[in-house]
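Letter by letter, the chains look like this.
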Amino acid sequence: MQKTIMNGNQAAAHGVKLCRPQVISAFPITPQTSVVETIANFWAEGKLEGEFTVVDSEYSAMSYLIGASYSGARTFTATSSHGLAYMHEVLHWAAGSRLPIVMVNANRAMGAPWCLEPDQGDSLAQRDTGWMQIYCSSVQEILHTVIIAFRLAEKTRIPCMVVYDGFTLSHTYEPVDIPEQDKVDAFLPPPPEKPRLQPGEPVHHLPLADSFRMSALKRDHFQVMQQFPAMLSGMREEMEKTFGRSYSPLEGKEMEEAKTAVISSGAVSQTVESSLTYLNQEGEEKVGLIRIRLFRPFPARDLVSLLSSGVEKIVVVDRNLTGGSRGIFYREIRSYLHEAGYQGKVYELNLGGGIDITQELLSKCLEKIRQELSEEEIIWGVELYGG
Amino acid sequence: MPLYPESEDRLTSLLQATNPTLSNYTGLWRYFTPSRGENISPCQAHCPLQNSIPGWIEKVKEGDWLNAWEIIKDYNPFPALTGQVCYRFCQEECNRGYYDQAINIGDLEKEIGNWRLKNYTRINNKTAGQYKVAVVGSGPAGLAFAYYLNYLGFKTTVWEKEQSAGGLLSSGIPWYRLPREVLEEELKLLQQEGVEFYTGAEVGKDVSLDELRCDYRAVLLAVGAQRSRKLGVPGEDLPGVLSGLHFLRRINLGEEIKIPKQVAVVGGGNAALDAACVASLNGAEKVTLLYRRSREEMPAHSVEVEAAEKAGVELKFQVAVTEVQGQGKVEKLTIADTTAASRGEKVEIREGSQYQMDVDMFIVAAGQESTLDELLPDQEINVYRNQQQNKNGVLVLDEPGEKKGALLTAGDALTGASTVPQAIFGGRQAALAVVRLLRLEQNTGETCSPALPVNEPKETVKYESLNTFYHSRQDAQPAPLAEAERCFSCGWCNHCGVCWVFCPDMAVSTAEEEYQLILDYCKGCGICARECPAGALTMKEVDRDAENHNER
Amino acid sequence: MVDKMACEFKAEEFLYSGHSACPGCGAALTVRYLAKNLGGKALFVITASCWSVLAGVGNTRSLEAAVTHSPFPAGAAVASGLKKGLESLGDHETQVVLLAGDGGTFDIGLQGLSGAAERNENIIFVCYDNEAYMNTGMQRSSATPYASYSTTTPYPLVNPNPKKDIVGIMAAHQIPYLATATPAFPVDLSAKLDRALNIKGFRFFHIFTPCPPGWGSDSEMTIELSRMAVLTRLFPLMEVYQGKKYNINYEPDTVVPVEEYLQPQRRFSFLESHHLEMIQENLERNWEDLKSLQKR
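Residues numbered from 1 in each chain as written. Chains lettered and ligands numbered in written order. Predicted model: local features only at pLDDT ≥ 70, side-chain atom pairs only at ≥ 80, totals over all residues. Heavy atoms only, no water.

1. A look at helix 10 (residues 222–231) of chain C
Right, on to step 1. Counting buried residues along helix 10 of chain C, 10 of its 10 residues qualify, which places the element largely inside the surrounding structure.
Right, on to step 2. Where helix 10 of chain C is concerned, the buried positions are T222, I223, E224, L225, S226, R227, M228, A229, V230 and L231 of chain C.
Right, on to step 3. In this fold, the buried residues of helix 10 of chain C make contact with helix 22 (498–502) and helix 23 (527–531) of chain B together with helix 2 (26–38), strand 7 (203–208), helix 9 (212–215) and helix 11 (258–262) of chain C. (Buried < 20%, exposed > 50% of the residue type's maximum accessible area, 1.4 Å probe, protein only. Helix = DSSP H or I, 4+ residues; strand = E, 2+ residues; numbered from the N terminus. Contact = heavy atoms within 4.5 Å.)

2. Quick word on the interface of chain B and chain A
Right, on to step 1. Each side of the interface is counted separately: chain B has 15 residues, and chain A has 23 residues.
Right, on to step 2. When chain B packs against chain A, close to 1,700 Å² is buried across both sides, 56% of that on carbon and sulfur atoms.
Right, on to step 3. On the surface where chain B and chain A come into contact, there are one salt bridge.
Right, on to step 4. With a closest N to O distance of 2.5 Å, D220 of chain A and R10 of chain B form a salt bridge.
Right, on to step 5. Remark: the boundary between chain B and chain A carries five residue pairs in polar contact (both at pLDDT 80 or more).
Right, on to step 6. Elements with a minimum of two residues in the side of chain B that touches chain A: helix 1 (8–15) and strand 1 (16–17) of chain B.
Right, on to step 7. Per element, the largest residue contribution to the side of chain B that touches chain A is six residues, and it comes from helix 1 of chain B.
Right, on to step 8. Looking at the side of chain B that touches chain A, its residues break down into eight nonpolar, four polar and three charged. (Buried area = accessible area lost by both parts, 1.4 Å probe. Salt bridge = Lys/Arg side-chain N within 4 Å of Asp/Glu carboxyl O. Polar contact = N/O pair within 3.5 Å; in protein donor to acceptor, adjacent residues only side chain to side chain. Nonpolar A, V, L, I, M, F, W, Y, C, P; charged D, E, K, R; others polar.)

3. Topic: the pattern of salt bridges
Residue and element names in this part refer to chain C.
Right, on to step 1. Overall, the coordinates contain 62 salt bridges over all chains when judged by the stated rule.
Right, on to step 2. Here E284 ties to R233 by a salt bridge, and the two come within 3.4 Å at their closest N and O atoms. Of the two residues, E284 sits in helix 12 (residues 273–295) while R233 sits in the loop between helix 10 and strand 8 (238–241), which places them 51 residues apart along the sequence.
Right, on to step 3. Classification of E284 by relative accessible area gives partly exposed; the value is 31%.
Right, on to step 4. Across the pair E251 and K291 runs a salt bridge whose closest N-O atoms are separated by 2.7 Å. Separated by 40 residues along the polypeptide, E251 in the loop between strand 9 (245–248) and helix 11 and K291 in helix 12 bring together distant segments of the chain.

4. A word on the sheet that holds strand 12 (residues 286–291) of chain B
All names here are of chain B.
Right, on to step 1. Read across the open sheet, the five strands follow the order 10-17-11-12-13; overall the sheet is parallel. Each edge of the sheet is formed by a strand with only one pairing partner; in this case those strands are strand 10 (241–243) and strand 13 (314–317). For this sheet the average axis-to-axis angle between neighbouring strands, irrespective of direction, equals 20°.
Right, on to step 2. Where strand 11 (residues 262–266) meets strand 12, five bridges bridge the pair, whose relative direction is parallel. From the neighbouring strand, V265 faces strand 12, where its bridge partner is L289.
Right, on to step 3. The strands that helix 13 (residues 244–252) touches are strand 10 and strand 17 (361–364); relative to strand 10, the one it contacts most, it runs at about 85°. (Pairing = 2+ DSSP bridges. Axes fitted to C-alpha atoms, helices over the stretch in contact; angles between N-to-C directions.)

5. Details of the environment of P175 of chain A
Residues and elements named next belong to chain A.
Right, on to step 1. As for its position among the elements, P175 is in strand 8 (residues 173–178).
Right, on to step 2. Look at P175 and you get exposed, because its relative accessible area is 55%.
Right, on to step 3. In sequence terms P175 and M6 are 169 residues apart; their C-alpha atoms lie 6.5 Å from each other.
Right, on to step 4. If near-sequence neighbours (up to four positions away) are discounted, P175 is found in contact with T4, I5 and Q140.

6. Some points on the confidence of the model for chain B
If pLDDT is low for a region, its predicted coordinates should not be looked at in detail.
Right, on to step 1. Averaged over all residues, the pLDDT of chain B equals 86, while 92% of them reach at least 70.
Right, on to step 2. The secondary structure element of chain B with the lowest average pLDDT is helix 20 (residues 444–447) of chain B, at 49, and the one with the highest is helix 23 of chain B, at 95. (pLDDT = per-residue confidence, 0-100.)

7. Remarks on the side chain of T60 of chain C
Right, on to step 1. Of note, T60 of chain C is situated in strand 2 (residues 60–61).
Right, on to step 2. Since its relative accessible area comes to 18%, T60 of chain C is described here as buried.
Right, on to step 3. One polar contact links the side chain of T60 of chain C to the main-chain carbonyl oxygen of V57 of chain C, over a distance of 2.9 Å.
Right, on to step 4. Not counting residues up to four positions away in its chain, the partners in contact with T60 of chain C are H204 of chain A, A17, N19, P20, T21 and S23 of chain B together with A55 of chain C.

8. With respect to the domain arrangement of chain A
Residue and element names in this part refer to chain A.
Right, on to step 1. Its domain assignment divides chain A into domain 1 (2–241) and domain 2 (250–384).
Right, on to step 2. Opposite the 25 residues of domain 1 that make contact, domain 2 presents 22 residues.
Right, on to step 3. Carbon and sulfur atoms supply 56% of the area buried between domain 1 and domain 2, which totals about 2,000 Å² over both sides.
Right, on to step 4. Between domain 1 and domain 2 we count four salt bridges in total.
Right, on to step 5. The shortest N-O distance in the salt bridge between R291 and E141 comes to 3.2 Å.
Right, on to step 6. The interface formed by domain 1 and domain 2 holds 16 residue pairs in polar contact (both at pLDDT 80 or more) in total.
Right, on to step 7. Listed by contribution, the elements that provide at least two residues to the side of domain 1 that touches domain 2 are helix 6 (121–124), strand 6 (132–135) and helix 10 (228–234).
Right, on to step 8. Its residues assigned to classes, the side of domain 1 that touches domain 2 shows 12 nonpolar, six polar and seven charged. (Domains from an automatic or database assignment.)

9. Some remarks on the interface of chain B and chain C
Right, on to step 1. Each partner contributes to the interface: chain B provides 37 residues, whereas chain C provides 43 residues.
Right, on to step 2. Contact between chain B and chain C buries roughly 3,500 Å² in total, counting both sides, with carbon and sulfur atoms accounting for 59%.
Right, on to step 3. On inspection of chain B and its partner chain C, the count reaches three salt bridges.
Right, on to step 4. Measuring nitrogen to oxygen at the nearest pair gives 2.8 Å for the salt bridge that ties E224 of chain C to R530 of chain B.
Right, on to step 5. There are 23 residue pairs in polar contact (both at pLDDT 80 or more) connecting chain B and chain C.
Right, on to step 6. Here the side of chain B that touches chain C takes four residues from helix 22 of chain B, the largest share from any one element.
Right, on to step 7. Taken together, the residues of the side of chain B that touches chain C break down into 19 nonpolar, 13 polar and five charged.
Right, on to step 8. Where strand 2 (residues 19–20) of chain B and strand 2 of chain C come together, two bridges link them in parallel fashion. Opposite P20 of chain B, over in strand 2 of chain C, you have R61 of chain C as the bridge partner.

10. Some points on the sheet that holds strand 5 (residues 132–136) of chain B
The strands making up a sheet associate through hydrogen bonds between their backbones, and the pairing can be parallel or antiparallel.
Residues and elements named next belong to chain B.
Right, on to step 1. Spatially, six strands are ordered 7-6-5-8-20-19 in an open sheet, and the strand pairing comes out mixed. Of all the strands in the sheet, just strand 7 (196–199) and strand 19 (394–398) have a single pairing partner and so form its edges. Adjacent strand axes in the sheet meet at a mean angle of 20°, parallel and antiparallel pairs treated alike.
Right, on to step 2. Sheet topology note: the strand 8 (residues 218–221)/strand 20 (residues 406–410) ladder contains four bridges and is parallel. Bridge pairing in strand 20 links L221 to T409.
Right, on to step 3. Helix 19 (residues 420–437) rests against strand 5, strand 8, strand 19 and strand 20 of the sheet, and its axis sits at about 160° to strand 20.

Below is the structure:
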């Protein structure tokens, strides 16, 4: 295993190179651009055997992959924010076609106005397209997750989006282990099935469907996605062998006997995690962290099992805001908690717009909820800063 | 219920379709159905034989002379003859004439005939031979009758009073219009194919009609219209005055006639023009044709008129002969101007306009009449005299009895002087009539095409309705195959495949290059009918009731 | 000349009867020729257009070929990706053909088309142009000709803009091969497809396909209108190689007056004389420009 230092974008590129992709399409957008630049370098140096095409827009980038995937090729692209939004229509198409496409998305706020901060609203706005969404919290995780994403996607024929914070992860250097190629080859064999379109085999692929066919497809899609958490768990040993560690849909940190749980995703979780020691030293009530990795499909059962019986307060960290509603994670998790029979309070810490989290901010937030705070009130990160 | 691992077949069946759309019978959408054979070409419509001209032209185009013959013989068994002498009513109406030049149909017909004479004989082996039939007269009507009944297996005999057979083909039509060899070849073939000829045997003199009717199950009187009309003027019986028919017969049968210097011919029909032309070509210095009406009203065909003028005959119109004068032979004619009168009206002489004309020979070709009344007993004469305007070409004078054969008449004997193809038509119709009368169950539709029903004439294809885009302008071609290529094939599918090329629904089948319509899928858009270069397809309204009824 | 046309085509069909095209559909006929020529050699991608439905609904298919669909603007990109995918898997033989309507080419598909053309993607892009968004009921597109009726430029409006010059646009991309064709000249179309099969790189076909319900013409007139478009010189049959070498394939001996072409179409029934003058003027000018491009 080669140990090196790289940033999130480079990690994504290295991850994808190990997967032997056959068609990659590329279009630049801050902050993912260096993903495709790194891949371009690999390709120019002959280190990548697949085809690399710079296309005319993100819409075309995804459409390109759809076409390539029809032929049975392994496909990849990277995008962000407005680029992701631009390909919204074709994200639906890719999922509906049940194609194993993998894409990385570096979170960046949707304008207007132009903003380069790591708001998660761009990827979350696509949560209904039928794609898997996995949120990474470290650069190492990005590299591994890209490989796992291909495995999951090709097994289930559901496209997968690997999401990480723009700049905070995409441009930040961390130490990374690069797994050996033969280990990755063992973990990720070529897809066994027939391609959708084969020359010389007449077939009508994706004819106009009636409601019965469509409903059946939707139901199947749902049911397959329900299996993911179990799939991930089932791959634990293999992940240990290949990566030296395994990944689960949700991760709990210091959740035993925790009274307050902070649920977060992405780079924010790193800060929360590193704050836990301090917080638990100082505070009366124990605070734990539940880190969301798999968001689509949401691993509700795993959430339930991580919540120890003593948890009374939950703070959901949202780095997004749906106008007319509130943080997306808040709303979803709250309903899962309700299903799970959770009786305690659920609060929202809203860092929409990409507000950075610090230990201090977290303290302030926990302080606030110690006072009698109505759940309806959103704890605005920007207010806590004094803004 | 857990779906993982998901069955590939299940996903495939939801995301893919494999059944061809053939299960969707789009033919049910149709309001109009394309249909062939609704219209007829103008050439066929105007041919006295309703000859299936585009049909055999298609075969000539392919160089398939055998099948061209097979088609044409059902309408006209003597194309070598008609190709020479017919006035080619077809060419006058040919739609190609509106585009560049009319197709030289007559010459193509002649080629088929010549091929047949050189290459094809069919010895009849059919067994209806117990029936014996006879025809009196070996003109075109009689010969056609003989050909068809012989083909159908009847034992056929021709009775001809002259020494050589052919009727007017031999004695009336001059050599420059019908070379002798062609007629001789046709007659030879007829004999080879089984027809028996008795020449120099006159019915009514050498054998009686009753005797014939005892020996044969059917007798056709095709004696022609051999009685020349007289002018009814004084001096008409002088030597040197002869009928046109008589004059032509003597020349054509090879008699040595010295044609004098000055010849006058009276009459306006084909016979008069023929006689004038022959006289001019045979040594007369001056030949004058005298016709009592105007040029436009002349019944002769323009072909004849042009031939006569080319031969140097002077045509005088609106003149009549009032007296023939001479001592012991014709020397002068008294000629008067006539008042303008159209055909059917009586001609009036203008008094005081008479003048004299010197002549050495005076040919009267003022019309011919049938001589049937000389042959027929009273009962049948009445049938003949009482007949209505007959379009069927044949008249049954007496049905077959136990001991007596049927008696029919056709050709000029029935209609009066007309043309060769019309006579052949008569002979053909007579043959059909005999088959009907003798209650035979042959399928004569194959070998002897009946005339189109008189009550339901088909519409002729108009030039405007043709799509000429696929043709390029080109004058008449000397080579027959190249000339046949130019034919538009009006109303007749000549298997060009354009309908197949342009059908958006693949509702035209290419099986055996017949281009049949596949009505299960035809939506009735009408592109095929619109594009057909031959105008052979017409869109007919769908009869839903009939269709529903058929389905039940 | 007549028999010869049918002989130019193979008898085998690759389009099944029973497809749900309107009677007299120019697009159905065009794809029939396309499929006949490309046979089992190509994969087809169909962009949102009438052909999305004509390819078969539910559990049926009308083409005897491997066919898939793409979203409206995505056509060129999907087809390019498909071709790239095949090549990445080692298949350099199979052709990929994209079938798009005028909307999916001139308007919403133009970005993807331009990108694919600029990259010289190795696909055949076939635009069948019925001059409006016909599948959704005849709304105007940038291919709708000047002064035509459409449901989004209804009377007393008529389409105010001239038709977009897609040939000029594609020529500007300097693609290896660009051709126009129309179903009334099927032999010409077939020859051009043969040529395209032997060229590598981006090949573009602009095929003029009459639409009887959309144009308000009789269903039987489809081929005649298609032919008249060429004979009036409104739709020249031409090829352009590398965006530079222009080749006019057919110069009519007798030019048909444009009124004869316009008259059978009810979509032009609101034409006034100034419209007609403009149409005639543009026609003449475009033809002259084309001739001078040919000489260049």
